Amino acid sequence: MGLDRAASVDDLRLRAKRRIPRFAFDLVDGGAENERNMRRNSEAFEEVELTPRYMVDVSKIDTRSSVLGQTFDAPFGMAPIGMLNAFWPGADLMLAQLCKAQNIPYVASSAASTTLETLAEAADGNGWFQLYVSSDPDVTEGLLARAEAAGYGTLMVTADVPAAGKRDRDIRNQLAVPFRFTPEVIMQCAMNPRWALTSLKHGAPNVANYADLLQSATSYADVQKTLITPGFTWDDLKHLRARWKGQLLVKGVLHAKDADMCADLGCDGIVVSNHGGRQVAFGPPTVEALPAIAKAVAGRMAIILDSGIRRGADMLRAKALGADFAFTGRALAYGVGAGGEVGAQRAFDILHLELVRALGQLGAVSLDGVGPTYLSKFKDA
Ligand SMILES: Cc1cc2nc3c(=O)[nH]c(=O)nc-3n(C[C@H](O)[C@H](O)[C@H](O)COP(=O)(O)O)c2cc1C
């Protein structure tokens, strides 16, 4: 199927699957263990019904949305994704540039395959930085200082990785550090020549922000220790709040009590996220966690939601349930996998046009008007 015939994000995913070696496709497409949580993310969105209101003049629809004092042209941004250039060479930069061009936020991952400085330049004011707290405080401080120097105003600290997620697909694909060219990998590359040639041209991707530190890594455990720590606690968050002068978001909040504590600590917002179902199989989908969180937060800070957004209407569902803004990880990534820069643009256009259409169908001219009264099961309506 050609890019122009891709009608949905799911179509782009299928096209990406045909162009990318399995081990690299699975790296992005996969979830934790039996992928129950990842599946539930999508199912739960489908279960949220919105009832349209008719005979409202929707000839002018405005998709602008403000969050954390910045106004964007759409109510969604690009979530942080580590090592995305392994999925498609140059993906990080393509997405940062897309976000700048469309005036939506781009979150540069600590574990990106492009340095935070290069991504700050490409996103040009639309960039936020995602931090993994390392087991080595000097590593964390180094990243913070670099993020400040690069001009990032918003820091998103990820809380939902006390341990790396267990992803069965990656184990089956025998992904290892350092990367090994097994006969199977070579065969998969040979079957995807465009990916293989583009990858050769770009060189092997690495976790660019830690390139020097990880040069001598000989195991996955080495990488993990540098990137994350099981010892990240509320005390550390308190210190981080004092240390970071810009806006601070906590990503990976699923419990109302945790959301409440983030607000008490002076965070500017949270991302209700289950990491796209990549951390635990047993957890709740984010749209199910959201209402209790929105109630606990009660307007004290911004609520952003991600995990499972594949349709424009999903953003309206999230908004109706109490989110201020949304992020998507894989939807835009699939676009890049399906067709590089043009594919990324196609993914954005699909989501945005779906959103415009859904707003009109719902009888709302802007995001501001979308609230709980549209929920089919809203008791007070
Ligand atoms: C391949 C991949 C890598 C990711 N890497 C990071 C990361 O480095 N830091 C982080 O906070 N979240 C990371 N995430 C989670 C995303 O930021 C986001 O929460 C998730 O993709 C949302 O779910 P969705 O893909 O269904 O939209 C990653 C997700 C994927 C798919």
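About the criteria used
Residues numbered from 1 in each chain as written. Predicted model: local features only at pLDDT ≥ 70, side-chain atom pairs only at ≥ 80, totals over all residues. Heavy atoms only, no water. Helix = DSSP H or I, 4+ residues; strand = E, 2+ residues; numbered from the N terminus. Rg over C-alpha atoms; globule rule 2.2 N^0.38 Å. Buried < 20%, exposed > 50% of the residue type's maximum accessible area, 1.4 Å probe, protein only. Contact = heavy atoms within 4.5 Å. Areas by Shrake-Rupley, 256 points an atom, 1.4 Å probe, with all protein chains shown as cover. Lys, Arg positive; Asp, Glu negative; His and termini not counted. Charge placed at Lys NZ, Arg CZ, Asp CG, Glu CD. Phe/Tyr/Trp six-rings, centres within 6.5 Å; stacked < 30°, edge-to-face > 60°. Lys NZ or Arg CZ within 6 Å of the ring centre and 35° of its normal. Salt bridge = Lys/Arg side-chain N within 4 Å of Asp/Glu carboxyl O.

Trainee: It is not clear to me how the overall build of the protein should be interpreted in this structure. Could you clarify?
Mentor: Each helix and strand in the protein was counted, giving 16 helices and ten strands. For the protein, the C-alpha radius of gyration of 20 Å lies close to 21 Å, the compact-globule estimate for 381 residues. Dimensions of the protein, computed from C-alpha atoms along their principal axes, come out at roughly 60 × 50 × 40 Å. Split into buried and exposed, the 381 residues of the protein put 56% on the buried side. Within the protein, residue pairs in contact and separated by at least 24 positions form 74% of the contacts whose partners lie at least 6 positions apart. As presented, the protein carries roughly 16900 Å² of accessible surface, and 55% of it is formed by carbon and sulfur atoms. The distance from the centre of the 41 positive side-chain charges to the centre of the 43 negative ones in the protein is 5 Å.

Trainee: It is not clear to me how the packing of aromatic side chains should be interpreted in this structure. Could you clarify?
Mentor: One pair of aromatic rings is described through two measures. These are the centre distance and the angle between the planes. Using the criterion set out here, one finds nine aromatic pairs in the structure. A centroid spacing of 6.3 Å and a plane angle of 65° characterise the contact between Phe72 and Trp128, whose relative ring orientation is edge-to-face. Taken together, the positions of Phe72 in strand β2 (residues 70–72) and Trp128 in strand β5 (residues 127–131) put the pair 56 residues apart, joining distant regions of the chain. A single burial state applies to Phe72 and to Trp128, both of which are buried. Members of the aromatic cluster, each reached through a chain of ring pairs, are Phe72, Trp128, Phe325 and Phe327. The ring of Trp88 carries the charged tip of Arg19 above its face, separated from the ring centre by 4.5 Å.

Trainee: Help me understand unusual backbone geometry, please; the structure alone is not making it clear to me.
Mentor: Glycine aside, residues mostly have negative phi angles, and peptide bonds mostly take the trans form. Positive phi, close to 45°, is recorded for Ala298, a residue that is not glycine. Assessed through its relative accessible area of 59%, Ala298 is described here as exposed. Positioned with a positive phi, Ser307 is a non-glycine residue whose angle comes to about 95°. Examined against the element boundaries, Ser307 turns out to sit in the loop between β9 (302–305) and α15 (312–320). The class of Ser307 is buried, set by a relative accessible area of 5%.

Trainee: Explain the pattern of salt bridges to me, please; I cannot follow it from the model alone.
Mentor: Pairing is possible between side chains of opposite charge, provided their charged atoms come close. Across all of its chains, the model carries 19 salt bridges by this definition. We note a salt bridge from Arg243 to Glu148, for which the minimum N-O separation is 2.8 Å. Taken as a pair, Arg243 in helix α12 (residues 234–243) and Glu148 in helix α6 (residues 137–149) lie far apart in primary sequence, 95 residues in all. What makes Arg243 partly exposed here is its relative accessible area of 23%. Under the relative-accessibility criterion, Glu148 is labelled partly exposed at 37%. In this structure, Glu354 and Arg311 form a salt bridge, with 2.8 Å as the shortest nitrogen-oxygen distance. In this pair, Glu354 is assigned in helix α16 (residues 330–362) and Arg311 in the loop between β9 and α15, connecting sequence segments 43 residues apart.

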